[in-house]
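Listed below, chain by chain, are the residues.
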Amino acid sequence: MTFGVLQFPGSCDDRDALMACARVGEARLVWHADTDLSGIDVIVVPGGFSYGDYLRAGAIARFAPAMEAVAEHADAGRLVLGICNGFQVLCESGLLPGALLPNDSMRFVCRQVDLTVESTETAFSGECRPGDRLSIPVKHQTGRYFAPSDQLDELEARGGVVLRYAPGENPNGSARDIAGIVNERGTVMGLMPHPEHAVDPLTGSADGLRIFASLASRAAEPAGVSA
Amino acid sequence: MRAKVLIRPKEGILDPQGKAIERTLPALGFRGVSQVRVGRLVELEADDPDRLAELCEKLLANPLIEDYEIELDGAAQTSAGPVSGEARGQ
């Protein structure tokens, strides 16, 4: 299975994401002006500050030629993972519900947080067990997940919350401690924490690798929510 | 035509930037200032002002979290976005 990691001007976690993907499969970078995603099973929209994050985080990147191709990739039921700025881009694109707002602390947060796995019924979390705790770093200023309460209810009811900040760990004021969500088809996931920075015990935790390993074991299969 | 677009966080959505400003004011000797909210002002020249609302919906504002107002030669029109949100106090 092959991963394609998008690279916008201003991306800064593309190389780490590429290396994380390369641990579990084939991986290549996709420049933001490219629209050829042939041979790619999983698209990763990485962290950073795409197009300087001007206007709103992710607002400009949404219109990149590569993102049009990603929207088609997603429409075809293929897998997309958005990390941090990538999550913001996917929300701005309408591929995921909700929006990311500035942290309630008014500060940039950069630290290790504990997450709890809420759903293992997705292509992104199949290598986890329900209730598992993952230690993964966050580093962002605009990570407060927000959606109107009726949308949050709907999201929860359909099992769309994949990861939550563990009790007392919410670093940004996200609604209902939400750290990572998946779309209705179970094919597009966004999360604020950085699993690509937690793939080797040398840097404190290898828990993030389980997200990539889950994808690697699912990517070759037809898309859709697992049974 | 010259136009101004004013974008602000929707009512009910916590605005940390406004809050930071508000907290600074007493130290500077300004009292009695509250409910500070920070938005954005976009000035532009539009050949087809009728498409400005669409431009706002698609790019300048995120209708889920922001309201916008378009001002053409002094005449304002406001986005009729419903008030949403529960972020306050979280």
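Computed from a predicted structure; not experimentally measured. (Residues numbered from 1 in each chain as written. Chains lettered and ligands numbered in written order. Predicted model: local features only at pLDDT ≥ 70, side-chain atom pairs only at ≥ 80, totals over all residues.)

Caption draft 1: Inspection of the overall build of chain A at higher detail. Helix and strand counts for chain A stand at 5 helices and 11 strands. For a compact globule of 227 residues, the expected C-alpha radius of gyration is about 17 Å, and chain A comes in at 16 Å, within 12% of that figure. Each principal axis of the C-alpha distribution contributes one length, and for chain A these read about 40 × 40 × 40 Å. Each of the 227 residues in chain A was classed as buried or not, and the buried ones make up 57%. Partitioning the contacts of chain A with sequence separation of at least 6, the portion at a separation of at least 24 is 74%. (Helix = DSSP H or I, 4+ residues; strand = E, 2+ residues; numbered from the N terminus. Rg over C-alpha atoms; globule rule 2.2 N^0.38 Å. Buried ≥ 20, exposed ≤ 12 C-beta atoms within 10 Å, placed from the backbone. Contact = placed C-beta atoms within 7 Å.)

Caption draft 2: Representation of the nonpolar core within the structure. Counting residues in each nonpolar core, the largest one holds 76 residues, and the members touching the most others are A:Cys21, A:Val44, A:Val80, A:Leu81 and A:Leu215. Non-local contacts of A:Leu215, meaning those with residues more than four positions away in its chain, are made with A:Val42, A:Leu79, A:Leu81, A:Ala123 and A:Phe124. (Core = buried A, V, L, I, M, F, W, Y, C linked by C-beta atoms within 7 Å.)

Caption draft 3: Just the environment of A:Ala59, in detail. With respect to the helices and strands, the residue A:Ala59 is situated in the loop between β3 (42-45) and α2 (65-75). Taking the C-alpha atoms as reference, A:Ala59 lies 32 Å from A:Ser217; in sequence the two are 158 residues apart. Once residues within four sequence positions are removed from consideration, A:Ala59 is found in contact with A:Glu92 and B:Leu59.

Caption draft 4: Representation of unusual backbone geometry in the model. Although it is not a glycine, A:Leu55 adopts a positive phi angle of roughly 75°. Relative to the assigned elements, A:Leu55 resides in the loop between β3 and α2. Positive phi is not limited to glycine here, since B:Gln35 has a value of about 55°. A count of 7 C-beta atoms within 10 Å places B:Gln35 in the exposed class.

Caption draft 5: Just the interface of chain B and chain A, in detail. Listed per partner, the contact involves 15 residues of chain B and 14 residues of chain A. Residue classes in the side of chain B that touches chain A are distributed as 8 nonpolar, 5 polar and 2 charged. (Nonpolar A, V, L, I, M, F, W, Y, C, P; charged D, E, K, R; others polar.)

Caption draft 6: Examining the pairing of strand β9 (residues 161-165) of chain A more closely. All names here are of chain A. The buried fraction of β9 amounts to 4 of the 5 residues, a majority that puts the element mostly inside the structure. Sheet topology places strand β6 (residues 109-117) next to β9; 3 bridges connect them, and they run antiparallel. Along β9, the bridge assignment pairs threonine 116 with arginine 164. As paired strands, β9 and strand β10 (residues 178-182) are joined by 3 bridges and run antiparallel to one another. Pairing of valine 161 across the sheet is with isoleucine 181, part of β10. (Pairing = 2+ DSSP bridges.)

Caption draft 7: Examining helix α3 (residues 85-93) of chain A more closely. Residue and element names in this part refer to chain A. Counting buried residues along α3, 9 of its 9 residues qualify, which places the element largely inside the surrounding structure. Those residues of α3 lying buried are Asn85, Gly86, Phe87, Gln88, Val89, Leu90, Cys91, Glu92 and Ser93. Where α3 is buried, its residues contact β3, α2, β4 (79-83), β5 (99-101) and β11 (188-191). Just downstream of α3, glycine 94 is the residue with a positive phi angle, here 80°.

Caption draft 8: Summary view of the sheet that holds β6(A). Residue and element names in this part refer to chain A. Read from one edge of the open sheet, 9 strands run β2-β1-β3-β4-β11-β10-β9-β6-β7, paired in mixed fashion. Bordering the open sheet on either side are β2 (26-31) and β7 (133-140), each of which pairs with just one other strand. Taking each pair of neighbouring strands and ignoring which way they run, the sheet shows an average axis angle of 25°. Here β10 runs beside β11; their pairing, made up of 3 bridges, is antiparallel. For isoleucine 181, the partnering residue across the bridge sits in β11 and is glycine 190. (Axes fitted to C-alpha atoms, helices over the stretch in contact; angles between N-to-C directions.)

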